[in-house]
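Structural characterization, general
These are the residues of each chain, in order.
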Amino acid sequence: MWGRGCGVGAVCGFLAAAVADVLIGRAWTTCDIGGGSYANSLTLVVLFVPLWIVGALCWVLAYGSLGRRFPGGWAVAAGTSATLFLVWFAATRLGMPDDYPSPLCVDNVPGWWPAWIPA
């Protein structure tokens, strides 16, 4: 099961990192955070790799620990939950920093962010 976790983790980790980077970039652009588009883009490129690694590890650990013991969808449910948490955490903690005052966004939360998702 570890091998399957590596394959699924590489793909799902890549997708999670891409979604998190897009959310962070949109939040920074909407709230006018950062030192310009070039600096923000460079930061997002550097941030992509750790997000990809952590996203992949979520799936590798889920498949490796739950895939053998609990047949069925437990590994997929755990991997999906961990990936969604990773994307939410990255978008809210890195994309909407509390210590950077933004005159364009109330409480540094962009207007497009859904109200039912805590920020």
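Coordinates for the structure precede this section.
Now for a quick tour of the structure. (Residues numbered from 1 in each chain as written. Predicted model: local features only at pLDDT ≥ 70, side-chain atom pairs only at ≥ 80, totals over all residues. Heavy atoms only, no water.)

Looking now at the side chain of D21. Structurally, D21 is set in helix α1 (residues 2-31). Although D21 is buried, it forms no salt bridge, and the closest oppositely charged side chain is R26 at an N-O distance of 13 Å. With residues near it in sequence (within four places) discarded, D21 still touches L44, L47, F48 and L51. (Helix = DSSP H or I, 4+ residues; strand = E, 2+ residues; numbered from the N terminus. Buried < 20%, exposed > 50% of the residue type's maximum accessible area, 1.4 Å probe, protein only. Lys, Arg positive; Asp, Glu negative; His and termini not counted. Salt bridge = Lys/Arg side-chain N within 4 Å of Asp/Glu carboxyl O. Contact = heavy atoms within 4.5 Å.)

Here the focus is a nonpolar patch on the surface. Among the surface-exposed residues, V11, F14, L15 and W52 lie close enough to one another that they form a single nonpolar patch of about 370 Å² accessible area. Here the nonpolar patch takes 3 residues from α1, the largest share from any one element. Considering the arrangement of structural elements, one finds W52 in helix α2 (residues 37-66). (Patch = residues over 30% accessible without salt bridge, like charges linked within 9 Å, V, L, I, M, F, W, Y side chains within 5 Å. Areas by Shrake-Rupley, 256 points an atom, 1.4 Å probe, with all protein chains shown as cover.)

So, about unusual backbone geometry. At D32, a position not held by glycine, the phi torsion is positive, near 55°. In this structure, D32 sits in the loop between α1 and α2.

Let us now look at the nonpolar core. Counting residues in each nonpolar core, the largest one holds 13 residues, and the members touching the most others are I24, W28, L44, L47, L51 and A90. Taken together, the elements giving at least two residues each to this core come down to α1, α2 and α3 (74-94). At 5 residues, the largest contribution of residues to this core is made by α1. The contacts of L51, once residues within four sequence positions are left out, are G13, A17, A20, D21, L86 and A90. (Core = buried A, V, L, I, M, F, W, Y, C linked by side-chain atoms within 4.5 Å.)

What follows covers the packing of aromatic side chains. Going through the model one piece at a time under the given rule, you end up with 7 aromatic pairs. Each ring, one from F85 and one from F89, has its centre 6.0 Å from the other, and the planes form 25°; the classification is stacked. In this pair, F85 and F89 are both assigned in helix α3, 4 residues apart and thus about one turn of the helix distant. Site record: aromatic cluster; members linked through ring pairs are F14, F48 and W52. Above the plane of the ring of W112 lies R26, whose end atom (NZ or CZ) is 4.4 Å from the centre. (Phe/Tyr/Trp six-rings, centres within 6.5 Å; stacked < 30°, edge-to-face > 60°. Lys NZ or Arg CZ within 6 Å of the ring centre and 35° of its normal.)

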